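Architecture at a glance
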Amino acid sequence: MKWVARRRLPLFERIPVRWRIAVTTAGLTLLILVVFALVLGQVVGNRIRNDFRDELQSAARSLAAETKVQADPVSGPVVTRSPDLRAFALPEDAQIKILDQYGRPLAGTNPGISLGAPSRGMPTVGGLSVVTEPIRASDSLPGYVQYARPNEGVNETVARVWLFLGAGVLGGTLLAMLAGLAVADRAMRPIKSLTGLARQITSTRDPSKRIPAPPSDDEVGELARTLDGMLQALDEARSEREQSLERQREFVADASHELRTPLTSIQANLELLQAAGTGSDDDRHTVDSALSSTKRMSGLVADLLLLARADAGRRVARTDLDLARIAAGALEEVEPLAGERRLESRLEGPLPLRGNPDELHRMIRNLLENSVRHTPDKTTVELTARRNGNEALLEVVDDGPGIPEAIEKQVFDRFVRGDGPSDTAGGGGSGLGLAIVRAVVESHGGSVSAGPSTYGGARFSIRLPLEEVSAREVEERATARPDEGRKL
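As a starting point, this report considers the structure included with it.

Definitions and limits used
Residues numbered from 1 in each chain as written. Predicted model: local features only at pLDDT ≥ 70, side-chain atom pairs only at ≥ 80, totals over all residues. Heavy atoms only, no water. Helix = DSSP H or I, 4+ residues; strand = E, 2+ residues; numbered from the N terminus. Buried < 20%, exposed > 50% of the residue type's maximum accessible area, 1.4 Å probe, protein only. Phe/Tyr/Trp six-rings, centres within 6.5 Å; stacked < 30°, edge-to-face > 60°. Salt bridge = Lys/Arg side-chain N within 4 Å of Asp/Glu carboxyl O. Pairing = 2+ DSSP bridges. Axes fitted to C-alpha atoms, helices over the stretch in contact; angles between N-to-C directions. Contact = heavy atoms within 4.5 Å. Patch = residues over 30% accessible without salt bridge, like charges linked within 9 Å, V, L, I, M, F, W, Y side chains within 5 Å. Areas by Shrake-Rupley, 256 points an atom, 1.4 Å probe, with all protein chains shown as cover. Parallel < 35°, antiparallel > 145°, perpendicular 65-115°, else oblique. Left-handed = near helix turned anticlockwise from the far one by under 90°. Core = buried A, V, L, I, M, F, W, Y, C linked by side-chain atoms within 4.5 Å. Nonpolar A, V, L, I, M, F, W, Y, C, P; charged D, E, K, R; others polar. Expected span 1.5 Å × (residues − 1).

1. Details of unusual backbone geometry
Phi at Asp-93 is positive, roughly 55 degrees, even though this residue is not glycine. Despite not being glycine, Lys-378 shows a phi value in the positive range, around 70 degrees. Within the secondary structure, Lys-378 is located in the loop between helix 8 (357-373) and strand 11 (380-388). For Lys-378, a relative accessible area of 66% corresponds to the exposed category.

Spelled out as structure tokens, the structure:
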């Protein structure tokens, strides 16, 4: 058998549609939110830093405007006027330095802290952002005011902004995914309903079910209407096919029944000619050959009639019987055909059930003939019949070559033949023997299976429902019908 390799789909195409919709929605939302967060974070961060810079420069200008440096003959330049530096710096936890024109400190909030040399811009010294402003009072000596504040608070504020933006991005993405799942579930709900109905039709094989008309006129509604039209067409085609098959079954059953009468008449006449023994040797050989062919045709017609009745659902007359006696009669009839094969039996009766004795006899005989036909000489064929709970278990087991693998699954189909090593059973078989076995078993409410035996050969097992009757009733029924174990 040639195997066709399936194309491996990408991972995204292998996940359910609802998750694909949710992931796509969440991905697009994530992309939009990331771009928005980057832009907003940059703008807000720059704004916070600019406000901080403006505050430092404003404080430094205000302090420089209120500061005055005068020359002292003894100690040199001194600060003669300025706000209270500690009070000015305390609210913002700032550091202040007043320098002369050469950068030497004249006053400050903390003499032990150096804010560096006066420079433009806003350098960072020891975790402090420093702004330097010159003293511009008209009656003051040249000098500088350095105003510094820790930049840790600004950095923490910017970090919190980025944290909030990141949390917003993740939260928005999660909400988008949940919303996508909810929308996808709602959108896929009609599809799930159609899928459930399709599974139900698949399990029951009943296309007569109708798909409810959807209220909406969207793609799902169009799909539902299309599927309903397809089911309607399939139902009509099935009805036509069943009617045609029913007519064929009726024809085969009627034709098989009608053929039995002329075949029986021909067989009787040939048997009379054979018994008379008149004519030449060629004439007697011709009569014998014609009689053999007639018997073979009669058997084939009987097989076809039984199968046709089973297909048409026609039930033949049934009576109370003992399956163990039926099995014993079938075994006795097959023994002359066994040749050098060994037939054994273990029949544990009584096994009371209601059925047709002729059909059950034919069923057991077909199983035995099948084992005899497809096993070599010196093979042992064992027939067992026993009670198994509320069922009768009948098995035919052999130690022959077993069932060929090529027909193991089709062994009960019609016209399926296996290559047997001998032909003791008479002819190569029509391929209907095991099909008849299955038809008889199913018509009696049982089941049949085939598989390997513990001896390496084949095992055929039949289970039939038993009737709950007493042993005395079984014996009385058997006494009333002494020939029920033999084919009539």
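2. Quick word on the packing of aromatic side chains
Enumeration over the complete set of coordinates arrives at two aromatic pairs. Arranged with centres 6.2 Å apart and planes meeting at 85 degrees, the rings of Phe-88 and Tyr-147 form a pair that is edge-to-face. Taken together, the positions of Phe-88 in helix 3 (residues 85-89) and Tyr-147 in strand 7 (residues 143-150) put the pair 59 residues apart, joining distant regions of the chain. Here Phe-88 falls in the partly exposed class, since its relative accessible area comes to 26%.

3. Description of the pattern of salt bridges
Summed over the entire model, instances satisfying the criterion amount to 15 salt bridges. Overlapping salt bridges bring together Glu-55, Glu-92 and Arg-149 as one network.

4. Side note on the sheet that holds strand 14 (residues 458-465)
Taken together, the five strands give an open sheet; going across it, the order is 9-11-12-14-13, and neighbouring strands pair in mixed fashion. Each edge of the open sheet is held by one strand with a lone partner, namely strand 9 (342-347) and strand 13 (447-452). On average, each strand axis in the sheet is tilted by 15 degrees relative to the strand beside it, whichever way the strands run. Contacting strand 9, strand 11, strand 12 (391-398) and strand 14, helix 7 (residues 323-334) runs over the sheet at an angle of about 170 degrees to strand 9.

5. Considerations on the sheet that holds strand 4 (residues 105-108)
One open sheet holds the five strands; their spatial order is 4-3-7-6-5, and the pairing between them is antiparallel. At either margin of the open sheet sits one strand with a lone partner, and together these are strand 4 and strand 5 (124-125).

6. Here's the deal with a nonpolar patch on the surface
Taken together, the side chains of Leu-30, Val-34, Leu-38 and Trp-162 make up a nonpolar region of the molecular surface, amounting to roughly 320 Å² of accessible area. Broken down by element, the nonpolar patch gets its largest block of residues, three residues, from helix 2 (residues 17-65). With respect to the helices, strands and loops of the structure, Val-34 is situated in helix 2.

7. Describing the packing of helix 7 against helix 8
Between helix 7 and helix 8, the shortest axis-to-axis distance is 9 Å and the interhelical angle comes to 45 degrees. Considering their axes alone, helix 7 and helix 8 lie oblique with respect to each other. Along this stretch, helix 7 crosses helix 8, giving a crossing that reads as right-handed. Only Pro-357, Leu-360, His-361, Ile-364, Arg-365, Leu-368, Glu-369 and Val-372 of helix 8 make contact with helix 7, whose side of the interface consists of Leu-323, Ile-326, Ala-327, Gly-329, Ala-330, Leu-331, Glu-333 and Val-334.

8. Looking at the nonpolar core
By size, the foremost hydrophobic cluster in this structure holds 42 residues, and its most contacted members are Leu-323, Leu-360, Met-363, Ile-364 and Leu-394. Tallying contributions element by element places helix 7 first for this core, with seven residues. Not counting the four nearest positions on each side in its chain, Ile-364 is found in contact with Leu-323, Ile-326, Ala-327, Ala-330, Leu-383 and Leu-394. In terms of nonpolar packing, the next biggest core, distinct from the first, is built from 19 residues, Leu-63, Ala-64, Met-122 and Val-131 among them.

9. What about the side chain of Thr-379?
The residue Thr-379 is located in the loop between helix 8 and strand 11 in this model. If near-sequence neighbours (up to four positions away) are discounted, Thr-379 is found in contact with Arg-341, Arg-342, Asp-398, Asp-399 and Gly-400.

10. Concerning the packing of helix 2 against helix 4 (residues 152-204)
Two numbers describe how helix 2 lies on helix 4: the axes approach to 8 Å, and their chain directions differ by 160 degrees. When the axis of helix 2 is compared with that of helix 4, the two are roughly antiparallel. As helix 2 packs across helix 4, the resulting crossing turns out to be right-handed. When grouped by side-chain class, the residues that make up the contact of helix 2 with helix 4 number 26 nonpolar, 11 polar and three charged.

11. Observations regarding helix 2
Residue pairs three or four apart in sequence face the same way in an α-helix, which turns once every 3.6 residues. Relative to the 72 Å expected for 49 residues at 1.5 Å per residue, helix 2 spans 71 Å between its end C-alpha atoms, a close match to the ideal helical length. Buried within helix 2 are the following residues: Ala-22, Ala-26, Ala-37, Gly-41, Gly-45, Phe-52, Leu-56, Ala-59, Ala-60, Leu-63 and Ala-64. Packed against the buried residues of helix 2 are helix 3, strand 3 (95-100), strand 6 (128-134), strand 7 and helix 4.

Just geometry here; none of it tells us what the structure is for.
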